[in-house]
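# Architecture and fold: a report
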Amino acid sequence: MLGLLFTAFKKKRSLEETVLKIQQGDNSLRNDTIESFKPFIAKTVSSVCKRYIYESDDEFSIGMIAFNEAIEKYSPEKGRSLLAFAETLVKRRVIDYLRSQSKQKEILLDLTLNDDNDQSQIYIDNENSINEYEMQKESERRKEEIQLYISHLEDFGLSFEDLVENSPKHADARKGAIMIAKLLMEDDELKEILFTKKRLPVKQLEGKVEVSRKTIERNRKYIIAVAIIINGDFLYLNDYIKGAIDE
């Protein structure tokens with residue numbers, strides 16, 4: 001078992017060393033590396049297109065370019081292996097390419113329905129594959145964002161359960177709390193107090209808003225939670241804030 005782990009480690013290290021040499025300008029090694037990973041590229045592209053991909057296919061060329069891009073952009077400090085990074089990038093580039101082609105979807109379907117139903121089905125399968133992949137990736141990004149958000153909440157001794165229990169029940173109250181959080185993030189001094197001392201500067205806020213100290217205290221946890229979202233620039237959670245304001 002230890003021997004297998006050591007071998008895997010050596011392979012990983014060797015590949016990382018190869019990429020480093022390529023990034024330093026060894027183009028001959030670049031070509032050899034890309035050539036040796038053609039099966040990996042073809043398999044990755046095929047998983048998106050839901051059909052076998054030949055080297056003569058445009059999608060394969062897109063995959064080759066994306067793999068080369070992955071070599072250029074790869075950094076071991078980010079904690080991901082080259083192949084994991086390359087797989088994500090290849091899939092993304094192929095999807096972008098298929099999307100660009102999908103602008104002609106209606107024309108393609110009109111032509112293929114009359115001549116070859118199999119071809120039209122392939123195109124529809126490709127479109128479905130893109131949608132499924134995007135939904136999966138979006139779900140993963142949402143989960144990652146929520147996990148990151150939870151870790152920020154924990155810095156303040158808060159949890160998701162606290163937000164459920166302490167979220168203002170009325171829309172007007174939620175809007176008011178969100179506006180206080182925005183004001184808090186726009187004031188550098190108050191913002192520093194919040195994130196360095198991990199507490200809401202209630203006394204200072206009281207002199208800047210038109211609500212009572214009691215109201216600020218009652219919504220303290222919710223205001224902090226919203227301020228974290230604004231400060232962290234959370235893509236999906238920011239949609240929640242917009243939705244609460246538009247209610």
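Since the model is a prediction, treat every value here as computed from it, not as a measurement. (Residues numbered from 1 in each chain as written. Predicted model: local features only at pLDDT ≥ 70, side-chain atom pairs only at ≥ 80, totals over all residues. Heavy atoms only, no water.)

### A look at the overall build of the protein
- If you tally the helices and strands in the protein, you get 14 helices and zero strands.
- In sequence order, the secondary structure elements of the protein are arranged as α-α-α-α-α-α-α-α-α-α-α-α-α-α.
- In the protein, buried positions account for 36% of the 247 residues.
- Restricting the contact set of the protein to residue pairs at least 6 apart, pairs at least 24 apart contribute 59%.
- When the accessible surface of the protein is split by element, carbon and sulfur atoms take 51% of a total near 15,600 Å². (Helix = DSSP H or I, 4+ residues; strand = E, 2+ residues; numbered from the N terminus. Buried < 20%, exposed > 50% of the residue type's maximum accessible area, 1.4 Å probe, protein only. Contact = heavy atoms within 4.5 Å. Areas by Shrake-Rupley, 256 points an atom, 1.4 Å probe, with all protein chains shown as cover.)

### Thoughts on the UniProt feature "short sequence motif: Polymerase core binding" (unreviewed entry) in the protein
- On the UniProt side, "short sequence motif: Polymerase core binding" (unreviewed entry) is annotated at positions that read residues 58-71 here.
- Within residues 58-71, the helical portion is 100% and the strand portion 0%, while the C-alpha atoms at the span's ends are 20 Å from each other. (UniProt positions renumbered as here; feature names shortened; annotations may be inferred.)

### Remarks on the side chain of Glu59
- Inspection of the secondary structure assignment puts Glu59 in helix H4 (residues 58-73).
- Since its relative accessible area comes to 10%, Glu59 is described here as buried.
- Ignoring anything within four residues of it in the chain, the contact list for Glu59 reads Val45, Cys49, Arg51, Ile53, Val94, Tyr97 and Leu98.

### Notes on the pattern of salt bridges
- Tallied over the entire structure, the rule returns eleven salt bridges.
- Lys73 is the partner of Glu69 in a salt bridge, and the nearest nitrogen-oxygen pair spans 2.6 Å. Taken together, the positions of Glu69 and Lys73, both in helix H4 and four residues apart, correspond to about one turn of that helix.
- For Glu69, a relative accessible area of 18% gives the class buried. (Salt bridge = Lys/Arg side-chain N within 4 Å of Asp/Glu carboxyl O.)

### Describing the environment of Tyr240
- Residue position: Tyr240 is located in helix H14 (residues 235-246).
- The spacing of Tyr240 and Ile229 is eleven residues in sequence and 9.7 Å in space, taken between C-alpha atoms.
- If near-sequence neighbours (up to four positions away) are discounted, Tyr240 is found in contact with Ser167, Arg174 and Tyr222.

### Some points on the nonpolar core
- One finds Tyr149, Leu184, Leu194, Leu200, Ile216 and Ile223 to be the most contacted residues of the largest nonpolar core, which totals 30 residues.
- If you list the elements that add at least two residues to this core, you get helix H7 (117-155), helix H9 (171-186), helix H10 (188-197), helix H11 (202-206), helix H13 (220-232) and H14.
- Ranked by residues supplied to this core, first place goes to H13 with eight residues.
- The contacts of Leu184, once residues within four sequence positions are left out, are Leu190, Lys191, Leu194, Leu200, Pro201, Leu205, Ile223 and Ala227.
- Ranked by size, the runner-up nonpolar core spans 26 residues in total, among them Ile34, Phe37, Ala42 and Leu82. (Core = buried A, V, L, I, M, F, W, Y, C linked by side-chain atoms within 4.5 Å.)

### With respect to the packing of helix H2 (residues 27-36) against H4
- Where H2 meets H4, the closest approach of the two axes is 11 Å, and the angle between their N-to-C directions is 130°. Viewed along their axes, H2 and H4 adopt a mutual orientation that is oblique. Of the two elements, H2 crosses H4, and the hand of that crossing is right-handed. Residues Arg30, Thr33 and Ile34 of H2 touch H4, and the partners they reach there are Met64, Phe67, Asn68, Ile71 and Glu72.
- Across the contact of H2 with H4, the residue classes break down as four nonpolar, two polar and two charged. (Axes fitted to C-alpha atoms, helices over the stretch in contact; angles between N-to-C directions. Parallel < 35°, antiparallel > 145°, perpendicular 65-115°, else oblique. Left-handed = near helix turned anticlockwise from the far one by under 90°. Nonpolar A, V, L, I, M, F, W, Y, C, P; charged D, E, K, R; others polar.)

### A closer look at the UniProt feature "DNA-binding region" (unreviewed entry) in the protein
- Here, UniProt's "DNA-binding region" (unreviewed entry) annotation points to residues 202-221.
- Counted over residues 202-221, helix gives 65% and strand 0%. Its end C-alpha atoms are 12 Å apart.

### What about the confidence of the model for the protein?
- For the protein, the mean per-residue pLDDT works out to 78, and 78% of the residues sit at or above 70.
- Residue range residues 1-13 is modelled with pLDDT below 50. Its contacts to residues more than four positions away, or to other chains, number zero contacts.
- For residues 104-124, every residue scores under 50 in pLDDT, and the model assigns this stretch 13 contacts once sequence neighbours within four places are set aside. (pLDDT = per-residue confidence, 0-100.)

### Description of the environment of Asp187
- Mapped onto the secondary structure, Asp187 falls in the loop between H9 and H10.
- You can call Asp187 buried: its relative accessible area is 18%.
- Here the side chain of Asp187 touches Glu189 through a polar contact of 3.0 Å, landing on its backbone nitrogen.
- At 3.1 Å, the side chain of Asp187 and the backbone nitrogen of Leu190 are in polar contact. (Polar contact = N/O pair within 3.5 Å; in protein donor to acceptor, adjacent residues only side chain to side chain.)

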